[in-house]
2 protein chains.
Amino acid sequence: MTTLTSESCVACRRDSPKVTDAEMAELLPQIPDWEVTDTDGIPRLEKSYKFKNFSDALTFTTRLGLEADGEGHHPRITLEWGRVDVDWWTHKIRGLHRNDFVMAAKTDVMYAGSSDKPD
Amino acid sequence: MTTLTSESCVACRRDSPKVTDAEMAELLPQIPDWEVTDTDGIPRLEKSYKFKNFSDALTFTTRLGLEADGEGHHPRITLEWGRVDVDWWTHKIRGLHRNDFVMAAKTDVMYAGSSDKPD
């Protein structure tokens, strides 16, 4: 099985496929602690990360933003003191694409490799 | 009258004064388009800024975050494609302090001086 983190985002069009329930059941266990939430009928992957201060949360926000822009796939990132919330979904298909799971997994790797976590 | 943007944040303690209704009536006209909202009974100043892409919104987020950290007063910043939402309030007093109006005014100046706005 290839890992999500070894993948890159693929170009996404309005008729690109949403993940099926079967794919969702396979992919979600690969991104622990990510929750599927609903905003205005559109599902999103959401997770909250903790940091020991504002500065470290800002550094993570900037790194994630740069990585996301490089992939051409853009999350919502909510930054506050000691905390960053990340939402992934695919605007064009108003739902979840495999890209979102790839980026969620990459976000976890970035956090795991960060020295900015609380002690 | 001194302008808010010429002020710096003052150190804030749990018994620091919240802005009074009279002060609010004087200060709000100085920060156009900022709205006072309520989250769990705590008032916040909120404003949304538009950008022409994700990268410019990220740049603004990073600059605002660095400025805020330098002042020792920290907002919530929500970054997504073409948009940054900013919330100011004072955690220690669970309400609005003059610092929040100072930082709202400085956020406006930062946006006005940005080349990142939509055309």
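Coordinates for the structure precede this section.
Small disclaimer: the values here were computed from a predicted structure and weren't measured.

Engineer: Explanation requested: the relation of the copies chain A and chain B in the structure shown.
Structural biologist: Relating one copy of the chain to the other takes a rotation about an axis and a shift parallel to that axis. Taken as rigid bodies, chain A and chain B are interconverted by a rotation of 180° and an axial shift of 0.0 Å, the fit giving an RMSD of 0.0 Å. Both copies are brought into coincidence by an operation consistent with a two-fold rotation axis. Residue Thr78 of chain A, judged by its C-alpha, is the member of chain A lying nearest the rotation axis, at 2.1 Å. When the interface residues of chain A are mapped onto chain B, 100% of them again fall at the interface, so both copies present the same face.

Engineer: I tried to follow the pairing of strand 2 (residues 42–50) of chain A on my own but got confused; where do I start?
Structural biologist: The side chains of a regular strand alternate, first on one face of the sheet and then on the other. Residues and elements named next belong to chain A. As defined by bridge partners, strand 1 (residues 35–39) adjoins strand 2 across five bridges and the pair is classed as antiparallel. Its bridge partner being in strand 2, Asp38 is matched across the sheet by Pro43. Linking two consecutive strands that pair antiparallel, namely strand 1 and strand 2, is a turn of two residues; a positive phi of about 55° is found at Asp40 within it.

Engineer: Hey, could you run me through helix 2 (residues 54–71) of chain B in this one?
Structural biologist: The α-helix advances 3.6 residues per turn, and as a result positions three or four apart in sequence lie on the same side. Between its first and last C-alpha, helix 2 of chain B extends 26 Å over 18 residues, near the 26 Å set by a 1.5 Å rise per residue. What helix 2 of chain B keeps buried is the set Phe54, Asp56, Ala57, Leu58, Phe60, Thr61, Thr62, Leu64, Gly65, Ala68 and Glu71 of chain B. Summarising the contacts, the buried residues of helix 2 of chain B are in contact with helix 2 (54–71) and strand 3 (76–80) of chain A together with strand 2 (42–50), strand 3 (76–80), strand 4 (83–88) and helix 3 (98–112) of chain B. Backbone nitrogen of Ser55 of chain B and a side-chain oxygen of the N-cap are separated by 3.2 Å at the start of helix 2 of chain B; the cap is Asn53 of chain B. Just past helix 2 of chain B, the residue Gly72 of chain B takes up positive phi, approximately 70°.

Engineer: Whenever I open this one, helix 3 (residues 98–112) of chain A confuses me. Can you help?
Structural biologist: Residue and element names in this part refer to chain A. Along its 15 residues, helix 3 runs 21 Å from first to last C-alpha, staying within 8% of the 21 Å computed at 1.5 Å per residue. Of all 15 residues that make up helix 3, 12 are buried, and the element is covered over most of its length. Restricting attention to buried positions, one finds in helix 3 the residues Asn99, Asp100, Phe101, Val102, Met103, Ala104, Ala105, Lys106, Thr107, Asp108, Met110 and Tyr111. Tucked inside the fold, the buried residues of helix 3 contact helix 1 (21–27), strand 2, helix 2 and strand 4 (83–88).

Engineer: Could you clarify how one ought to interpret unusual backbone geometry in this entry?
Structural biologist: For residues that are not glycine, phi is negative in most cases, and the peptide bond is trans in most cases. Residues and elements named next belong to chain B. Within the chain, Asp33 stands out as a residue other than glycine whose phi angle is a positive 75°. Secondary-structure assignment places Asp33 in the loop between helix 1 (21–27) and strand 1 (35–39). The residue Asp40 is not glycine, and still its phi comes out positive at about 55°. Relative to the helices and strands, Asp40 resides in the loop between strand 1 and strand 2. Classification of Asp40 by relative accessible area gives exposed; the value is 73%.

Engineer: Sorry if this is basic, but what is going on with the sheet that holds strand 2 of chain A here?
Structural biologist: Backbone hydrogen bonds hold the strands of a sheet together, and the pairing may be parallel or antiparallel. A sheet is described by the order of its strands in space; here eight strands give the open sequence 1(A)-2(A)-4(A)-3(A)-3(B)-4(B)-2(B)-1(B), paired in antiparallel fashion. Here the strands that pair on one side only, and so sit at the sheet edges, are strand 1 of chain A together with strand 1 of chain B. Averaged over all pairs of adjacent strands, the angle between strand axes in this sheet comes to 25°, irrespective of strand direction. Pairing of strand 3 of chain B with strand 4 of chain B involves five bridges; the strand directions are antiparallel.

Engineer: Honestly, the packing of aromatic side chains in this entry has me stumped. Any pointers?
Structural biologist: Remark: the centre distance and the inter-plane angle together describe each pair of aromatic rings, the angle taken between the planes. Residue and element names in this part refer to chain A. For the structure shown, the criterion picks out 12 aromatic pairs over all chains. Both rings, one in Trp34 and one in Tyr49, keep their centres 6.2 Å apart while their planes meet at 70°; by these two values the pair is edge-to-face. Placement of the pair is Trp34 in the loop between helix 1 and strand 1 and Tyr49 in strand 2, with a sequence separation of 15 residues. What makes Trp34 buried here is its relative accessible area of 6%. Between Tyr49 and Tyr111 the ring centres are 4.8 Å apart and the planes differ by 50°, which places this aromatic pair in the tilted class. Pair noted here: Tyr49 is in strand 2 and Tyr111 is in helix 3, with a separation of 62 residues, a long-range link. For the pair formed by Tyr49 and Tyr111, the shared burial category is buried. Each member of the aromatic cluster is reached from another via a ring pair, and the members are Trp34, Tyr49, Phe51, Phe60 and Tyr111.

Engineer: Quick question: what am I supposed to make of the interface of chain A and chain B here?
Structural biologist: Many authors give the size of an interface as the accessible area that is lost as the parts come together. The partner chain B presents 17 residues to the 17 residues of chain A that form the contact. Buried area between chain A and chain B, summed over both chains or domains, comes out near 1,500 Å², and the portion from carbon and sulfur atoms is 64%. For chain A, the biggest contributors to the area lost against chain B are Phe54, Leu58 and Glu80 of chain A; these three give 30% of the whole. At the junction of chain A with chain B, the criterion picks out two salt bridges. Between Arg76 of chain A and Glu80 of chain B there is a salt bridge, with the nearest N and O atoms lying 2.7 Å from each other. In this assembly, chain A and chain B are joined by five residue pairs in polar contact (both at pLDDT 80 or more). A per-element tally of the side of chain A that touches chain B places helix 2 of chain A first, with eight residues. Partitioned by chemical class, the residues of the side of chain A that touches chain B number eight nonpolar, six polar and three charged. Note that strand 3 of chain A and strand 3 of chain B share three bridges and pair antiparallel. Within the sheet, the bridge partner assigned to Leu79 of chain A lies in strand 3 of chain B and is Ile77 of chain B.

Rules used in this analysis
Residues numbered from 1 in each chain as written. Chains lettered and ligands numbered in written order. Predicted model: local features only at pLDDT ≥ 70, side-chain atom pairs only at ≥ 80, totals over all residues. Heavy atoms only, no water. Least-squares fit on C-alpha atoms with pLDDT ≥ 70 in both. Contact = heavy atoms within 4.5 Å. Pairing = 2+ DSSP bridges. Helix = DSSP H or I, 4+ residues; strand = E, 2+ residues; numbered from the N terminus. Expected span 1.5 Å × (residues − 1). Buried < 20%, exposed > 50% of the residue type's maximum accessible area, 1.4 Å probe, protein only. Polar contact = N/O pair within 3.5 Å; in protein donor to acceptor, adjacent residues only side chain to side chain. Axes fitted to C-alpha atoms, helices over the stretch in contact; angles between N-to-C directions. Phe/Tyr/Trp six-rings, centres within 6.5 Å; stacked < 30°, edge-to-face > 60°. Buried area = accessible area lost by both parts, 1.4 Å probe. Salt bridge = Lys/Arg side-chain N within 4 Å of Asp/Glu carboxyl O. Nonpolar A, V, L, I, M, F, W, Y, C, P; charged D, E, K, R; others polar.

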